[in-house]
Amino acid sequence: MRTIVITGGTSGIGQALAHHYLERGEEVVVLSSDPVKGEAFLDRARRTGAADRAHYLEADLSLVSENQRVLKEIAARFPVVHALVLCARYFRSHRTVTPEGFEHNFALYYLSRYLLGYGLVEQMDKAEQPVIMNIAGPGAGAAGIQWHDFGLEHGYDGWSAMFQGGRLNDLLGVSFADPARGHRARYVLLFPGGTRTGFAGDFDPVTAFQVEQMKLAAQPVEHAVPPIVHIIDSPPREPLSAFVEGMPLSLHRPAFDRGAAARLDAVTRKLLSDRLGV
Ligand SMILES: NC(=O)c1ccc[n+]([C@@H]2O[C@H](COP(=O)([O-])OP(=O)(O)OC[C@H]3O[C@@H](n4cnc5c(N)ncnc54)[C@H](OP(=O)(O)O)[C@@H]3O)[C@@H](O)[C@H]2O)c1
């Protein structure tokens, strides 16, 4: 039996993956911020006879302290983690800053993925074929990164914040998968294609309309899941890979620049240590 940890496993793609792996007899650990949705996940698991393998950890992953707390809890309860699936995200039309002082997209969409990936290395190193599945939007180029204003204090808009998060995750994958680090987990960056999900967010009227239009044209969640499952079940041999709608993406693009990845890694460590002493 494998242990699969899924952030944002209470809605959309993460939820579908959580139930898929429960049905397959695996141990599933879902992380999200809304305990009502968490209870719905556990309730469905009880009804399908999988209660003993379904676990819900409530955490506001936009907070570094909450990521650290759940990492300790996972370490205490699950000595081996086979897959980490990163699906938590929340769109914000208006700029919001977390109580720890980070812009919300940066905190949830990037920093949390950084902390959880590195934080679970020990448990993943013990697994057979461990994999980190970072579901975002790989490959669109590094141009959108505001190196001196990650929090987009100047000129914020929700889409820019979301796209910048995607770029940061590309570079996170490059750093994590650097062979010099010696991690066993394969790092996979994946764009599932437009998918009709909860698309969680706080939208202004124009964006709410755009999102509803996107949902009309999007694929159902059931179509997004099989290619993701295929990769989690048979991780690529390469330390890092990227997929866009099922097709492998060349890593020879600016989005995966090693220099930019090393720069981001250094800046992230400094940010965490300067602001929070992490
Ligand atoms: N849907 C698409 O068209 C599409 C396209 C490209 C990429 N993606 C990527 O695919 C992944 C899944 O997207 P989706 O559309 O399936 O998601 P979704 O339906 O919008 O669900 C988002 C999940 O994130 C969780 N979440 C939100 N804020 C959180 C917080 N502060 N702390 C912890 N969890 C939080 C939510 O749970 P709670 O409410 O319980 O906290 C929910 O389970 C995302 O990474 C997204 O970027 C999706």
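Here, every reference points to the structure presented above.
The sections below set out a description of the structure shown in this document.

Conventions and cut-offs
As a convention, each chain's residues are numbered from 1 in the sequence order in which they are written. Confidence filtering applies because this is a predicted model: local features only for residues at pLDDT of at least 70, side-chain atom pairs given and counted only at 80 or more, and all residues used for totals across whole chains, interfaces and linings. The basis for the side-chain values is all heavy atoms of the structure; hydrogens and waters are excluded. Any two rings among Phe, Tyr and Trp, with Trp reduced to its six-membered ring, count as a pair given centres within 6.5 Å; such a pair is stacked if its planes are under 30 degrees apart, edge-to-face if over 60, and tilted if neither. Only DSSP runs of H or I covering at least 4 residues are called helices, and only runs of E covering at least 2 are called strands; the numbering of each starts at the N terminus. Cation placement over rings: the criterion is NZ of Lys or CZ of Arg within 6 Å of the ring centroid and within 35° of the ring normal. Being near a molecule or strand, for a residue, comes down to having at least one heavy atom within 4 Å of it. Counted as a polar contact is a pair of N or O atoms within 3.5 Å, where, for protein atoms, one must be capable of donating a hydrogen and the other of accepting one, and residues adjacent in sequence contribute only when both atoms are in side chains. With residues, only the protein chains shown are counted as cover, and all accessible areas are computed by Shrake-Rupley using a 1.4 Å probe. Here, strands pair whenever DSSP counts at least two bridges between them. A contact between two residues is defined here by any heavy atoms of the two lying within 4.5 Å. Only the stretch in contact is used when fitting a helix axis, every axis being a line fitted to C-alpha atoms; angles between N-to-C directions are given from 0 to 180 degrees. Note on classification: 1.4 Å probe, protein chains only; a residue is buried when its accessible area is under 20% of the maximum for its type, exposed when over 50%, partly exposed between these limits. Orientation is classified from the angle alone, with under 35 degrees giving roughly parallel, over 145 giving roughly antiparallel, 65 to 115 giving roughly perpendicular, and any other angle giving oblique. Gly is put with the polar residues, along with every residue not named as nonpolar or charged; the nonpolar set is Ala, Val, Leu, Ile, Met, Phe, Trp, Tyr, Cys and Pro, and the charged set is Asp, Glu, Lys and Arg.

1. What to know about the packing of aromatic side chains
Working step 1: One pass over the structure, following the stated rule, counts 13 aromatic pairs.
Working step 2: For the pair Tyr110 and Tyr114, a centre-to-centre distance of 6.2 Å together with 50° between the ring planes defines the contact as tilted. In this pair, Tyr110 and Tyr114 both sit in helix 4 (residues 104-119), 4 residues apart, roughly one turn of the helix.
Working step 3: Connected via pairs of aromatic rings, a cluster forms that spans Phe102, Phe106, Tyr110, Tyr114, Tyr118, Trp147, Phe150, Phe176 and Tyr187.
Working step 4: When the ring centre of Trp147 is taken as origin, the NZ or CZ atom of Arg263, which lies over that ring, is 4.1 Å away.

2. Digging into the site of the ligand
Working step 1: Residues in contact with the ligand amount to 31 residues; listed here are only the nearest, Ser11, Ser32, Ser33, Lys37 and Thr197.
Working step 2: Ser11 has a polar side-chain atom sitting 2.7 Å from an oxygen atom of the ligand.
Working step 3: Tyr109 is positioned with one of its side-chain polar atoms (N or O) 3.4 Å from an oxygen atom of the ligand.
Working step 4: Considering the ligand on its own, with 890 Å² of exposed area, one finds that the protein chains cover 95% of that surface.

3. What about the sheet that holds strand 3 (residues 54-58)?
Working step 1: An order of 3-2-1-4-6-7-11-12 is seen for the 8 strands of this open sheet, with the pairing classed as mixed. Either end of the sheet is taken by a strand with one partner, and the two such strands are strand 3 and strand 12 (247-248).
Working step 2: Pairing of strand 4 (residues 83-86) with strand 6 (residues 131-135) involves 4 bridges; the strand directions are parallel. Paired with Leu84 across the strands is Ile132, a residue of strand 6.
Working step 3: Contacting strand 6, strand 7 (186-191) and strand 11 (240-244), helix 6 (residues 158-176) crosses the sheet at an angle of about 165° to strand 7.
Working step 4: Across the sheet, helix 8 (residues 221-233) lies against strand 4, strand 6, strand 7 and strand 11, angled at about 155° from strand 6, the strand it touches most.

4. Brief notes about the environment of Ala40
Working step 1: As for its placement among the helices and strands, Ala40 is situated in helix 2 (residues 35-47).
Working step 2: Residue Ala40 is classed as partly exposed on the basis of its relative accessible area of 45%.
Working step 3: Considering only alpha carbons, one finds Ala40 and Thr10, 30 residues apart in sequence, at a separation of 8.1 Å.

5. Overview of the packing of helix 4 against helix 9 (residues 258-276)
Working step 1: At a minimum axis separation of 12 Å, helix 4 and helix 9 run at an interaxial angle of 95°. As summarised for this structure, helix 4 and helix 9 are arranged roughly perpendicular, according to the angle between their axes. Where helix 4 approaches helix 9, its residues Phe106, Tyr110, Leu111, Tyr114, Leu115 and Tyr118 are matched on the opposing element by Leu264, Asp265, Thr268, Arg269, Leu271 and Leu272.
Working step 2: By residue class, the composition of the contact of helix 4 with helix 9 is 9 nonpolar, 1 polar and 2 charged.

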